[in-house]
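These are the residues of each chain, in order.
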Amino acid sequence: MLRRIASYLKGYEKYAVASPLLVVLETGCELTIPLLMAQIINQGILKEDMAPIWRSGALMVVVAVIATFAGGMAAKCATNAAQGLGANLRQAEFEKISSFSFADIDRFSSSSLITRMTNDVTKIQNMAMICLRILIRAGTMLIASVVLTLTISPKLALVVLVILPVMAAALLTIMRICMPLFEKMQKALDHLNETVQENLIAVRVVKSYVREDREREKFMDANDGFTAAGLRAVLRVVAMQPVMMICMASATVLALYFGGNMVLGLELDVGYLQTVLGYIMQILMSVMFVGMAILQYTQAQASTRRIFEVLDAQPTISGGGERELPAPQGRVEFRDVAFRYQTEGAGEDVLRNINLDIKPGEFVAIVGGTGTGKSSLVNLIPRFYDVHRGKVLVDGLDVRDYPLDGLRGRIGMVLQNNVLFSGTIRENLLWGNENATEEELIQAAKDAQAYDFIMSFPEGFDTYLEQGGVNVSGGQKQRLCIARAMVRKPAVLILDDSTSAVDSATEGRIRESFRQNLKGTTVIIIAQRISSVQYADKIVVLDEGTVSATGTHDELMAASKIYKEIYDSQQEGGGENG
Ligand SMILES: Nc1ncnc2c1ncn2[C@@H]1O[C@H](COP(=O)(O)OP(=O)(O)OP(=O)(O)O)[C@@H](O)[C@H]1O
Ligand SMILES: [Mg+2]
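Residues numbered from 1 in each chain as written. Chains lettered and ligands numbered in written order. Predicted model: local features only at pLDDT ≥ 70, side-chain atom pairs only at ≥ 80, totals over all residues. Heavy atoms only, no water.

A. The pairing of strand 10 (residues 522–526), seen in detail. Counting buried positions over the five residues of strand 10 gives five, a clear majority of the element. The side-chain alternation of strand 10 yields two buried faces, one formed by Thr522, Ile524 and Ile526 and the other by Val523 and Ile525. Looking at chain direction, strand 3 (residues 363–368) and strand 10 are connected through four bridges and run parallel. The residue bridging isoleucine 366 from the neighbouring strand is isoleucine 526, located in strand 10. (Buried < 20%, exposed > 50% of the residue type's maximum accessible area, 1.4 Å probe, protein only. Helix = DSSP H or I, 4+ residues; strand = E, 2+ residues; numbered from the N terminus. Pairing = 2+ DSSP bridges.)

B. Up close: a nonpolar patch on the surface. Side chains of Ile134, Met285, Phe289 and Met292 sit close together on the surface and give an oily, nonpolar patch of about 280 Å² of accessible area. A total of three residues in the nonpolar patch trace back to one element, the largest contributor, which is helix 11 (residues 270–312). With respect to the secondary-structure elements, isoleucine 134 resides in helix 6 (residues 119–152). (Patch = residues over 30% accessible without salt bridge, like charges linked within 9 Å, V, L, I, M, F, W, Y side chains within 5 Å. Areas by Shrake-Rupley, 256 points an atom, 1.4 Å probe, with all protein chains shown as cover. Salt bridge = Lys/Arg side-chain N within 4 Å of Asp/Glu carboxyl O.)

C. Examining the coordination of the magnesium ion (ligand 2) more closely. Protein coordination at the magnesium ion (ligand 2): the donors are Ser375 (OG) and Gln416 (OE1), at 1.9 to 2.1 Å from the metal. Residue serine 375 is found in helix 12 (residues 374–379), and its partner glutamine 416 is found in the loop between strand 6 (411–414) and strand 7 (423–424); the two are separated by 41 residues along the sequence. (Donors = N, O, S within 2.8 Å, 3.2 Å for Na, K, Ca; no water.)

D. Main features of the pattern of salt bridges. Summed over all chains, the structure comprises 22 salt bridges. Between aspartate 349 and arginine 340 there is a salt bridge, and its shortest N-O distance comes to 2.8 Å. A residue is classified by how much of its surface remains accessible, and aspartate 349, at 18% relative accessible area, is buried. Where lysine 564 meets aspartate 568, a salt bridge forms, and the shortest distance between an N and an O atom there is 3.0 Å.

E. Quick look at the side chain of glutamate 93. Residue placement: glutamate 93 occurs in helix 3 (residues 50–98). It is arginine 116 that comes nearest to the buried, bridge-free glutamate 93 among opposite-charge side chains, at 6.4 Å. (Lys, Arg positive; Asp, Glu negative; His and termini not counted.)

F. Expanded view of the site of ligand 1. Neighbouring ligand 1 are 14 residues; Thr370, Lys374, Ser375, Ser376 and Gln416 lie closest to it. Between ligand 1 and glycine 373 there is a distance of 3.0 Å, counted from an oxygen atom to a backbone nitrogen or oxygen. In isolation ligand 1 has 630 Å² of accessible area, and contact with the protein removes 66% of it. With three residues, the single largest contributor to the shell around ligand 1 is helix 12. Along the lines of polarity and charge, the residues of the shell around ligand 1 split into three nonpolar, nine polar and two charged. (Near = heavy atom within 4 Å. Polar contact = N/O pair within 3.5 Å; in protein donor to acceptor, adjacent residues only side chain to side chain. Nonpolar A, V, L, I, M, F, W, Y, C, P; charged D, E, K, R; others polar.)

G. Just the packing of helix 3 against helix 11, in detail. Between helix 3 and helix 11, whose axes approach to 8 Å, the crossing angle comes to 40°. When the axis of helix 3 is compared with that of helix 11, the two are oblique. For the element pair helix 3 and helix 11, the recorded crossing hand is left-handed. Contacts from Leu89, Ala92, Glu93, Lys96 and Ile97 of helix 3 reach helix 11 at Ile307, Val310 and Leu311. Looking at the contact of helix 3 with helix 11 residue by residue, the classes come out as six nonpolar, no polar and two charged. (Axes fitted to C-alpha atoms, helices over the stretch in contact; angles between N-to-C directions. Parallel < 35°, antiparallel > 145°, perpendicular 65-115°, else oblique. Left-handed = near helix turned anticlockwise from the far one by under 90°. Contact = heavy atoms within 4.5 Å.)

This is the structure in structure tokens:
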């Protein structure tokens, strides 16, 4: 796993290599300072000679300057490496997610994908920082201090030998207790993130249903859960402190006792006693730091797993190979299609036995009660989802045999919950076709009955739309979405309930301009109001996932009970409210 993460250091390798080297240099310098100190005491102070004091003192300054410089550079390199790693991971995740089909996104849920791209990446960044600096530093300190203590006085090294196992055992126990607690803390954080994200994404709904109190409670629960989990874990980590203090104090007492005896017995210079004492402290501290680094590493492992889960996911929909594509005509066929969503729990067929033949240039309407599968049906055409059985053909070729851009390029789709992006109206329309000319943009806007209101804004096509298009009305947004799809000049134009917020008169004008300007284009419209579709060449009535009837308005009025019921229900109360 570590090696795999390291592969995302691409472009930042030099920092990742330089940082540990600099840390080793820094640590090395720091370790020589007690040695120089010993020299000052042994050769200078004890022998009352100033020369060695000056010499070692000057050397100490040089070493300290080098240590500071190396430390600073190490921090800079480690930061660069960690940030670069994070950037690469986010980039890789983003690219992967872009290739996801709707079904893949359903599976992960978008709020979890956001957490995986932000929070989890930060965790790994922190881990990289800790590995590159603290772990290397502690490791170097540990090894060097042990070696130096052994060379100066193997006898005193015995003190370490006694204390170290006790301390390691204590630390291990604490870590073993804390590890699962940290995992719980991570889960609580996920839950908290989910609550916040869901709330922010749907803030308008929350407010309109005056659900703030309930949502606040939900947040408080999640927040309290996270705080409690955090406290449980951290309070136990804090126990490390007294353990360390006891170990260090005992080590000092032992070292002073044995060392003092050795000095009195002239086995050891008094200056070295001081030095060894310093090293022993370093050894104990290093062990603690290594322990903490391991703790961080295990915490980051959960994040790593979650990120790789995304990176390893096989997009369930990928385009067919390159091939000669049929000329765009706008023919759409469904052959014995059955479809179901793969999300957990939903195993039922949402669509069954669908057979449809939509000819080039036809104007087809799909009507039916809510939840009968209308959106699901049209989502199969641009292959947002794959059929479960049967096949969908566009211009005679199975949609699974098209490269995705080749297929979607000939389809203009206005989704039921369509969104605009932050940017100007022009930029949004150019999504349809980035090479569209000004005239084409204007024509599309006119066809979608959007031109007049666009021009009524002081800045016209350069009007800035806020994220999600919140600063235009629902009906305006729908018309902009239609215009965006029309800029593409698609062979098949699909409108999923896209004029529901537009008044009937404007809707009529949109229909009329389709009729005049989109002669060769196949138009598939899902509508709630029969009045919007009764002039269609063909009306498909969906009922509980199957085609219950097809025909013109007059034919269906005579033959389809469901259709007549919908029609009649809409006539009551004076029809729609314009
Ligand atoms: N992403 C999804 N995952 C799982 N089930 C889904 C998903 N989208 C829709 N469904 C289910 O599929 C069925 C058909 O939904 P669909 O959106 O196609 O209905 P619809 O006819 O477009 O309804 P409406 O008129 O309300 O837009 C519903 O029972 C719905 O619960
Ligand atoms: Mg729908």
